[in-house]
Amino acid sequence: MRRRTGPTLPAAVALVILTGCASGPSLETQGEVTAPPGDSRHLVVGSAGFTESDLLAQMYSLLLNKAGYGAEILSVANRELYEPALESGQIDVVPEYAATFADWLNAKKNGADAKPVGSPDLDTTMRALRDLATPRGLTVLAPGKAVDQNAFAVTASYARQHRLKTLSDLGGSGLPVRLAAGDECVQRPYCEPGLKKVYGIDITAVDPKGVGTTQAKKAVQSGQDQMVLTTSTDATLDDFGLVLLKDDKKLQNADYIVPVVNRSRAGSEGVANALGHLNAALTTADLASLNEQVDSWRRLPQDVARAYLEGKGLL
């Protein structure tokens, strides 16, 4: 689950996107990529309207501007809107999450009950993602080092008391664990079933307080629950005295940050090189820090993005 704290798409623009999506690859031509990659000099960068996506979109736009492209940002409320717009060329670039996007495209092609293709292995996930994206006229660029995946946190005092650094440590401790998470956790393989099967953690109950919500974190902070499901770039863990336990057996899927572009408009080497500069710099810890500056310090995403890129010598 991703945070939704940013602006949403105006209704009029949403209508244009929804009614204009038919200009993408037809079912008859999907899979036949014959036209050369495009290199439009004016590009629209899509944001999904939550803090992290806004930050990534701002950084993409700044890097593209430096490389000589004119870039503007369009904030769209959800993937159901921006992915068809990306196919049709109304949006040219979006920051995505490798495993999540692979599974989303797979479900779009093969139905909601299709077996997931995202996995904890990045190479396997990227192959599946590119196989699904290419016939739709999309090019998936190289992933960076930053990953925003499901993660589990306990209080720092609880971790010290029981000498816990990894989920394996928690499983080996035999401690009973009440888990604050979304109610779907009882069925999802990355959550309660996986924690039991892969790590041997004694989950006694799932407290349905949501993924990384304030309510869920407070339940762990108070001792009502022992662990919370959140994300690896959660910016507020310190505020609640929480620390992440390492997913040392790789239960979670490879949700690395990856740019996805419309091939006919932004599939050029110039775009790939411009966005690739971020890969060498941005880490998961960096992304969590940037989220914190926006969510907790109330700084503007564009200011945080620019300061980060300047600090890394990328602007």
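Here's a quick rundown of the structure. Everything numeric here is computed off the predicted structure, so don't read it as measured data. (Residues numbered from 1 in each chain as written. Predicted model: local features only at pLDDT ≥ 70, side-chain atom pairs only at ≥ 80, totals over all residues. Heavy atoms only, no water.)

So, on to the packing of helix H12 (residues 284–295) against helix H13 (residues 301–311). As a packed pair, H12 and H13 sit with axes 9 Å apart at the nearest point and diverge in direction by 145°. Between H12 and H13 lies a crossing of right-handed hand. Residues Asp286, Leu290, Gln293 and Val294 of H12 lie in contact with H13, whose contacting residues are Pro301, Val304 and Tyr308. Of the residues assigned to the contact of H12 with H13, the class counts are five nonpolar, one polar and one charged. (Axes fitted to C-alpha atoms, helices over the stretch in contact; angles between N-to-C directions. Helix = DSSP H or I, 4+ residues; strand = E, 2+ residues; numbered from the N terminus. Left-handed = near helix turned anticlockwise from the far one by under 90°. Contact = heavy atoms within 4.5 Å. Nonpolar A, V, L, I, M, F, W, Y, C, P; charged D, E, K, R; others polar.)

The subject of this paragraph is helix H8 (residues 192–199). The complete set of buried residues in H8 reads Glu192, Gly194, Leu195 and Tyr199. Contacts made by the buried residues of H8 are with strand S5 (150–155), helix H7 (167–173), strand S6 (176–181), strand S7 (202–208) and strand S8 (227–231). Immediately beyond the C-terminal end of H8, within one or two residues, lies Gly200, with a positive phi of roughly 70°. (Buried < 20%, exposed > 50% of the residue type's maximum accessible area, 1.4 Å probe, protein only.)

For the rest of this paragraph, the subject is the nonpolar core. Counting 57 residues, the largest nonpolar core has Met59, Leu64, Ile91, Leu129, Leu278 and Leu282 as its most contacted members. Examining the composition of this core, we find that eight residues originate from one element, helix H2 (residues 51–66), more than from any other. Discounting chain neighbours no more than four positions away, the residues touching Ile91 are Val44, Val45, Gly46, Leu74, Val76, Tyr82, Ala85, Leu86 and Asn262. One finds Ala181, Leu195, Ile201 and Leu245 within the second-largest nonpolar core, a separate group that totals 24 residues. (Core = buried A, V, L, I, M, F, W, Y, C linked by side-chain atoms within 4.5 Å.)

Bringing the sheet that holds S8 into the picture now. Strands belonging to one sheet form pairs held by backbone hydrogen bonds; the direction of such a pair is parallel or antiparallel. Within the open sheet, the five strands sit side by side as S7-S6-S8-S5-S9. Their pairing is mixed. Looking along the sheet, the strands with just one partner apiece sit at the ends: S7 and strand S9 (242–245). Averaged over all adjacent pairs, the angle separating strand axes in this sheet is 40°, with direction ignored. In the sheet, S5 pairs with S8 via four bridges, with the strands oriented antiparallel. Residue pairing across strands places Ala151 opposite Thr230, the latter belonging to S8. Sitting on the sheet, H8 touches S5, S6, S7 and S8, and the angle it makes with S7 is about 165°. (Pairing = 2+ DSSP bridges.)

At a closest axis distance of 9 Å, the pairing of helix H4 (residues 98–110) and helix H5 (residues 122–133) adopts a crossing angle of 40°. Relative to H5, the element H4 is oriented oblique. As for how H4 packs across H5, the hand of that crossing is left-handed. Seen from H4, the contacting residues are Ala98, Ala99, Phe101, Ala102, Leu105, Asn106 and Lys109; seen from H5, they are Thr125, Met126, Leu129, Leu132 and Ala133. (Parallel < 35°, antiparallel > 145°, perpendicular 65-115°, else oblique.)

Here the structure, examined in full by the defined rule, presents twelve salt bridges. In this structure, the salt-bridge partner of Glu87 is Lys108, at a minimum N-O distance of 3.3 Å. Here Glu87 is found in helix H3 (residues 79–88), whereas its partner Lys108 is found in helix H4, with 21 residues between them in sequence. With its nearest N and O atoms 2.6 Å apart, the salt bridge here joins Asp225 to Arg178. Here Asp225 is found in the loop between helix H9 (214–221) and S8, whereas its partner Arg178 is found in strand S6, with 47 residues between them in sequence. On the basis of relative accessible area, Arg178 is assigned to the partly exposed category, the value being 29%. The network of salt bridges with common partners includes Glu83, Glu87, Lys108 and Arg136. (Salt bridge = Lys/Arg side-chain N within 4 Å of Asp/Glu carboxyl O.)

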